[in-house]
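Topology and contacts: notes
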Amino acid sequence: MATKNAEAHAAVAKKYEWGFATDIEQDFAPKGLSEDTVRYISAKKNEPEWMLDWRLKAFRLWQTMEAPDWAKLNIPSIDYQDAYYYAEPKAKATIASLDELDPEILRTYQKLGIPIEEQKVLAGVEGARKVAVDAVFDSVSVATTFRAELEAAGVIFRSISEAIREYPDLVRKWLGKVVPQHDNYFATLNCAVFSDGTFVYIPEGVRCPMELSTYFRINAENTGQFERTLIVADKGAYVSYLEGCTAPMRDENQLHAAVVELVALDDAEIKYSTVQNWYPGDENGVGGIYNFVTKRALCQGKRSKVSWTQVETGSAVTWKYPSCVLNGEDSVGEFYSVAVTNNRQQADTGTKMIHNGKGSRSTIVSKGISAGRSDNTYRGLVKVAPGAEGVRNFTQCDSLLLSDQCGAHTVPYIEVRNPSAQIEHEATTSKISEDQLFYAMSRGLDQEAAVALIVNGFAREVLQQLPMEFAVEAQKLLGISLEGSVG
Amino acid sequence: MLKIDNLHAEIDGKAILKGLSLEVNPGEIHAIMGPNGAGKSTLGYVLGGRPGYEVTAGSVTFDGQDLLEMAANERAAAGLFLGFQYPVEIPGVSNVQFLREALNAQRATRDEKPLSGGEFLKLARAQAAALEMDAEMLKRPVNVGFSGGEKKRNEMVQMGVIDPKFAILDETDSGLDIDALRIVGDGINRIMRKPDKAVLLITHYQRLLDYVKPDFVHVLADGRITRTGGAELAHELEREGYTQVAA
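The rules behind these values
- Residues numbered from 1 in each chain as written.
- Chains lettered and ligands numbered in written order.
- Predicted model: local features only at pLDDT ≥ 70, side-chain atom pairs only at ≥ 80, totals over all residues.
- Helix = DSSP H or I, 4+ residues; strand = E, 2+ residues; numbered from the N terminus.
- Buried ≥ 20, exposed ≤ 12 C-beta atoms within 10 Å, placed from the backbone.
- Contact = placed C-beta atoms within 7 Å.
- Pairing = 2+ DSSP bridges.
- Axes fitted to C-alpha atoms, helices over the stretch in contact; angles between N-to-C directions.
- Nonpolar A, V, L, I, M, F, W, Y, C, P; charged D, E, K, R; others polar.
- Expected span 1.5 Å × (residues − 1).
- Parallel < 35°, antiparallel > 145°, perpendicular 65-115°, else oblique.
- Left-handed = near helix turned anticlockwise from the far one by under 90°.
- pLDDT = per-residue confidence, 0-100.
- Right-handed = clockwise from strand over helix to strand, strands pointing away.

Along the backbone of chain B there are 8 helices and 12 strands. Taken along the three principal axes of its C-alpha coordinates, chain B extends 55 × 40 × 35 Å. In chain B, which comprises 247 residues, the share counted as buried stands at 46%. Put simply, of all contacts in chain B between residues at least 6 apart along the chain, 70% involve residues at least 24 apart.

Structure, rendered in structure tokens:
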């Protein structure tokens, strides 16, 4: 018996060592989607039993569901069996040097002013990672310092896989409570196969001592196509979280279905900012990412506040409605969005503000910019429950057209079941004017700079919500996304 | 400095300029006067490089360069400034941001170092003060919510900051009250009345010319210059009308 055990142990250890040391082939889940895939992922992550059960429940549910088609999007049907659901980042295609990179992408890096070592990491140059960590942070110890500082404040900031193992009670308490498993097709799929993501917990009364951003930038490479984020701000806590990366990722995953859940308790505030510029496909709409994201915040506590800010410039198809469920009395939800579509891109994005709490307020500012032959839709819901007295909402949707072949659509839904609510909706659509372009050019700006300037002015209300460093990159990005779109 | 030879231009197939010739030398101020629809603004736009205008014959050189081959921003970098009759609003972009980006773009084209935020602000504030414009206006979005007079004054602030070699001012006097007219006139003299610079003033009325004394006055009618004279020609036009004089 003892011998057998020892043998087994040895085998396990050996296997583990082997698994640990190998790369590429061993880090793929088998192609296709089945319960085995789900088990494979869960096992890979050393997840506890409850987590596996939770995933399997979602998977079984997902099998009974159908992909939604109510959005104004033209999406070719996706073969879910013809995809890998788990691949470690090591499996990302590597290249030997930046010389092998698509010159277009390289040029964009340079325009964004990204340091050369960081460019290498983004492009997946072999062996660049370690260097870049040093380049970005000076040394690894700085990252460790960050971590120590966060821990001293009591902030938990972990990959979600780690958090599931280390803080199971906290994760279990909130996972799936904001976006339930059955919420929608893509969210359910995410529940079954999420690869990794981030967990943040800010304890009562703590103001997170730093924006959770630069740190994330390193981690970002490790997050896969089914990302899962859970942020909980306990009573009186505050956190500003930045998601995304402003350099174009060479990403081979076609389908991204992330879920982000935010929870704000009494007097807590979460500011969540996103800059998204995944590969949008070429001028003819070949390739590009499908980005089907479910983002939702639960403003559970009194006077809690969640503010979403997003700058969406990438992906071939964007399907995304960061929302706030305003349960708490006097809770506040905000949504600031800039969505840019060019060439054949399609974006159907907006928000939902669900007012259940008395005196809850929401603000929606959406700026859609369409160019080329793209389609850009704002879709938003403002809902006021019967018991919610004194609700206020202000919505402003502006669309800017840069060509005569693009589309801008605004689809506001308003459901008010309490007569005391004050709901305002303003919408404008305008075309970038030749007068503006000529005026800016006659002062010395070339056409691209002139377009970028005018577009940035149009989007200013939203951009100024972003933290400073992010705002600067986002501004450059708007210009780059629209290059060659006028004239 | 600027040499226009037998310029023909049309828009949407309609001929507007029909053989216009004009030469402007450094140190000179020329006024172009003429009735509505004569092609005054078209001349400004063609010289400024506005898309949509097709030059069908003739040539324009600026310091020996073929102006018509250059994009609007290249003309600006070469030292040409177009003051707009209707300055354009750019929501969300502050005057400071707009002008600094524009100036630094020009400087980059000329291989000059960009101005820092501090250097630029000093320059812009000085120009605003000289034109009796509140420095707070510099922070406001370009021309948004400005009165007609404020817009024109803002054009002069831009001209002062950019400090061009050659300015084409299209009805810069329209929409100005008496005080503003004097301030703008003084601005033009201060910025542009220099031996190495020149101005083309496009105007309907003689009144701006009381402040900015032209060396030459041209009458533009039906796409051509029909008469040229000194400052006294403007007075004659004012007295007798275009129909008499231009004929």
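The discussion continues.
Before going further, it helps to spend a moment on the overall build of chain A. Looking only at helices and strands, chain A has 15 helices and 18 strands in total. The buried share of chain A, reckoned over its 487 residues, is 49%. Restricting to contacts in chain A with at least 6 residues of sequence separation, those with at least 24 account for 83%.

Take the sheet that holds strand β6 (residues 80-83) of chain B next. Residue and element names in this part refer to chain B. Pairing within the open sheet is mixed, and its 6 strands lie in the order β6-β9-β10-β3-β11-β12. In this open sheet, the two strands that pair with only one neighbour each are β6 and β12 (224-229). Neighbour to neighbour, the strand axes of the sheet diverge by 20 degrees on average, direction disregarded. As judged from the 4 bridges shared by β6 and strand β9 (residues 166-170), these two strands associate in the parallel manner.

On the side of chain A, 17 residues touch chain B, which itself brings 23 residues to the contact. Every element with two or more residues in the side of chain B that touches chain A is listed here: α2 (72-78), β7 (90-94) and α3 (95-109) of chain B. Counting residues per element, the side of chain B that touches chain A draws most heavily on α3 of chain B, which supplies 6 residues. When grouped by side-chain class, the residues that make up the side of chain B that touches chain A number 16 nonpolar, 5 polar and 2 charged.

On to α3 of chain B. Over its 15 residues, α3 of chain B extends 21 Å from the first C-alpha to the last, a length consistent with the 21 Å expected when each residue adds 1.5 Å. Among all positions in α3 of chain B, only N95, F98, L99, R100, E101, A102, L103, A105 and Q106 of chain B are buried. At its buried positions, α3 of chain B is contacted by α13 (447-458) of chain A together with α2, β7, α4 (117-130), β8 (141-142) and α5 (148-162) of chain B.

Time to look at the sheet that holds strand β1 (residues 2-11) of chain B. All names here are of chain B. With antiparallel pairing, the 4 strands of this open sheet are ordered in space as β2-β1-β4-β5. Each having just a single partner strand, β2 (14-24) and β5 (65-66) make up the two edges of the open sheet. Pairing of β1 with β2 involves 8 bridges; the strand directions are antiparallel. Along β2, the bridge assignment pairs E10 with A15.

With that out of the way, let us pick up the packing of helix α2 (residues 35-44) of chain A against helix α3 (residues 49-63) of chain A. Residues and elements named next belong to chain A. Relative orientation of the contacting elements α2 and α3 amounts to 155 degrees, with a least axis distance of 10 Å. Here α2 is positioned roughly antiparallel relative to α3, judged by the angle of their axes. Here α2 and α3 pass one another in a crossing that is right-handed. Only M51, L52, R55, L56 and F59 of α3 make contact with α2, whose side of the interface consists of E35, V38, R39 and S42. When the residues that make up the contact of α2 with α3 are grouped by side-chain class, the tally is 5 nonpolar, 1 polar and 3 charged.

Right, let's talk about α5 of chain B for a bit. Residues and elements named next belong to chain B. Helix length check: α5, at 15 residues, gives a terminal C-alpha distance of 21 Å against a target of 21 Å (1.5 Å per residue), a fit within 8%. Counted residue by residue, α5 has 11 buried out of 15 residues, so it is predominantly covered. Contacts made by the buried residues of α5 are with β6, α3, α4, β9 and α6 (178-192). At the exit of α5 stands D163, carrying a positive phi of roughly 55 degrees.

Looking now at the packing of α3 of chain A against helix α10 (residues 185-193) of chain A. Residues and elements named next belong to chain A. Direction vectors running N to C along α3 and α10 enclose 145 degrees, while the axes themselves pass 7 Å from each other. Seen along the crossing, α3 lies across α10 with a hand that is left-handed. Residue-level inspection shows R55, A58, F59, L61 and W62 of α3 in contact with α10, the latter providing T188, L189, C191 and A192. Broken down by class, the residue content of the contact of α3 with α10 amounts to 7 nonpolar, 1 polar and 1 charged.

Looking now at the confidence of the model for chain A. All names here are of chain A. Across chain A, pLDDT averages 80, with 76% of residues at or above 70. Mean pLDDT across the elements of chain A ranges from a minimum in helix α6 (residues 128-137), with 36, to a maximum in strand β11 (residues 323-326), with 97. Across residues 1-26, confidence stays below pLDDT 50; counting only partners more than four residues off in sequence or on other chains, it has 4 contacts. Note on residues 214-223: pLDDT is under 50 here. Beyond four places in sequence and across chains, it has 13 contacts.

With that settled, the discussion passes to the pairing of β9 of chain B. Residues and elements named next belong to chain B. Taken across its 5 residues, β9 has 5 buried, putting it largely inside the fold. Pairing between β9 and strand β10 (residues 198-203): 5 bridges, direction parallel. Paired with L169 across the two strands is L201, which belongs to β10. Considered for its hand, the β-α-β crossover made up of β9, α6 and β10 is right-handed.

This paragraph deals with the environment of L230 of chain A. Residue and element names in this part refer to chain A. Looking at the secondary structure, you find L230 in strand β3 (residues 227-233). Spatially, the C-alpha atoms of L230 and S42 are 18 Å apart, while their sequence positions differ by 188 residues. Sequence-distant contacts of L230, defined by excluding residues within four places in its chain, comprise I160, V171, W174, L175, F199 and E261.

Here we take up the environment of V306 of chain A. Residue and element names in this part refer to chain A. Examined against the element boundaries, V306 turns out to sit in strand β9 (residues 305-312). Residue class for V306 comes out buried when judged on the 29 C-beta atoms lying within 10 Å of it. Spatially, the C-alpha atom of V306 lies 27 Å from that of K72, the residues being 234 residues apart in sequence. In this view, V306 contacts L262, A264, I270, A297, C299, C324 and G333; residues no more than four positions away in its chain are not counted.

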